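The primary structure of each chain is shown beneath.
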Amino acid sequence: NPDGTDIKKISTNSERHYYDPSWSPDGSKILFMSYGENPSSGKKRYQTIFIINKDGSNETQLILDPPKDIEGDIDPSWSPDGTKIAFVSYKKSLVSEIFLINPDGTEREQLTFMEHYAYSPVWSSDGKYIVFSRGMQKGSEIYRMNSDGTDIIRLTKNSSWDLRPKFSPDST
């Protein structure tokens, strides 16, 4: 409850650290970050995304087949209709790109090919756009793209660190 009453523990794995939770638009599921395993590389402490039902059942590592060179998957963001999840995959070289995936873990699709540090994807309320930050050596800028990864537009241009963009409720 918003007033802090009736708190329920839904996680059952005492060895897992849970952070950065995000409710599905219909309120039935929760995305969260934790450490899992990358079967492609054999890495045991792989930062990744999990999905769980709101009652704590069916906790599942969302991304089970990342490429071998991926160090982690972070920053999950639900599409407004709940059919897609935008997220960031990063490599040791600190190159990271934005991807889409279905909530059942299928159809992983790379949206950006910027060869820099892209992070913090956020959907517009109408689902047409995704805004994100892109880090460079002397700061970061905010970009917008269509939700299919086309028409990437740089929105800011300055020497500061422009981080964690958000849309207004009317998608402007």
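Here the residue numbering is sequential within each chain, running from 1 through the sequence in written order. Local features in this predicted model are restricted to residues whose pLDDT is 70 or higher, and side-chain atom pairs enter the listing and the counts only when it is 80 or higher, whereas totals over whole chains, interfaces and linings include all residues. The basis for every side-chain value is the complete set of heavy atoms in the structure, and neither hydrogens nor water enter the calculation.

Caption draft 1: Layout of the overall build of the protein chain. In this text, helices come from DSSP runs of H or I with a minimum length of four residues, and strands from runs of E with a minimum of two, each type numbered from the N-terminal end. A tally of helices and strands in the protein chain yields 0 helices and 12 strands. Listing each helix as α and each strand as β along the protein chain from the N terminus yields β-β-β-β-β-β-β-β-β-β-β-β. Classification of residues uses two cut-offs on accessible area relative to the type maximum, computed with a 1.4 Å probe and protein chains only: under 20% is buried, over 50% is exposed, and between them is partly exposed. Counting only residues that meet the buried cut, the protein chain has 45% of its 172 residues in that class. Note on contacts: a residue pair qualifies if any of its non-hydrogen atoms lie within 4.5 Å across the two residues. Sequence separation of 24 or more characterises 35% of the internal contacts of the protein chain that already satisfy a separation of 6 or more. Of the roughly 9,700 Å² that the protein chain leaves accessible, carbon and sulfur atoms contribute 51%. Accessible surface area values rest on a Shrake-Rupley calculation with a 1.4 Å probe, where residue burial reflects the displayed protein chains alone.

Caption draft 2: A look at the side chain of Asp73. Relative to the helices and strands, Asp73 is located in strand 5 (residues 70-78). What makes Asp73 buried here is its relative accessible area of 0%. Engagement of the side chain of Asp73 in a polar contact is seen with the side chain of Ser89, the distance being 2.2 Å. We call two N or O atoms a polar contact when they sit within 3.5 Å, provided that within protein one can donate a hydrogen and the other can accept it, with sequence-adjacent residues counted only if both atoms are side-chain atoms.

Caption draft 3: View of the pattern of salt bridges. Every case where a carboxyl oxygen of Asp or Glu lies within 4 Å of a side-chain nitrogen of Lys or Arg is listed as a salt bridge. By the definition in use, this model includes 3 salt bridges. The salt bridge involving Glu107 is made with Lys84; its shortest N-O contact spans 3.9 Å. In this pair, Glu107 sits in the loop between strand 7 (96-101) and strand 8 (109-110) while Lys84 sits in the loop between strand 5 and strand 6 (85-91), placing the two residues 23 residues apart along the sequence. With relative accessibility at 56%, the residue Glu107 sits in the exposed group. Between Arg154 and Glu141 there is a salt bridge, and its shortest N-O distance comes to 3.4 Å. Of this pair, Arg154 sits in strand 12 (residues 153-154) while Glu141 sits in strand 11 (residues 139-146), and the two are 13 residues apart along the sequence. Judged by its relative accessible area of 38%, Arg154 falls in the partly exposed class. Look at Glu141 and you get buried, because its relative accessible area is 3%.

Caption draft 4: Examining the confidence of the model for the protein chain more closely. Confidence scores here are pLDDT values: one per residue, from the predictor, ranging 0 to 100. Residues with a pLDDT of 70 or more make up 88% of the protein chain, whose mean pLDDT is 85. Across the protein chain, element-level confidence peaks in strand 12 with a mean pLDDT of 94 and bottoms out in strand 3 (residues 43-53) with 80.

Caption draft 5: Here's a closer look at the pairing of strand 7. Strand 7 sits mainly inside the fold: 6 of its 6 residues count as buried. Here strand 7 shows a buried face lined by Ser96, Ile98 and Leu100 and a second buried face lined by Glu97, Phe99 and Ile101. Strand pairing requires that DSSP identify at least two bridges connecting the strands. Taken together, the 6 bridges between strand 6 and strand 7 define a ladder with antiparallel strand orientation. Among the inter-strand pairings, Val88 is bridged to a residue of strand 7, identified as Ile98. The sheet contact formed by strand 7 and strand 8 spans 2 bridges and is antiparallel. By the bridge assignment for strand 8, Leu100 is matched with Glu109.

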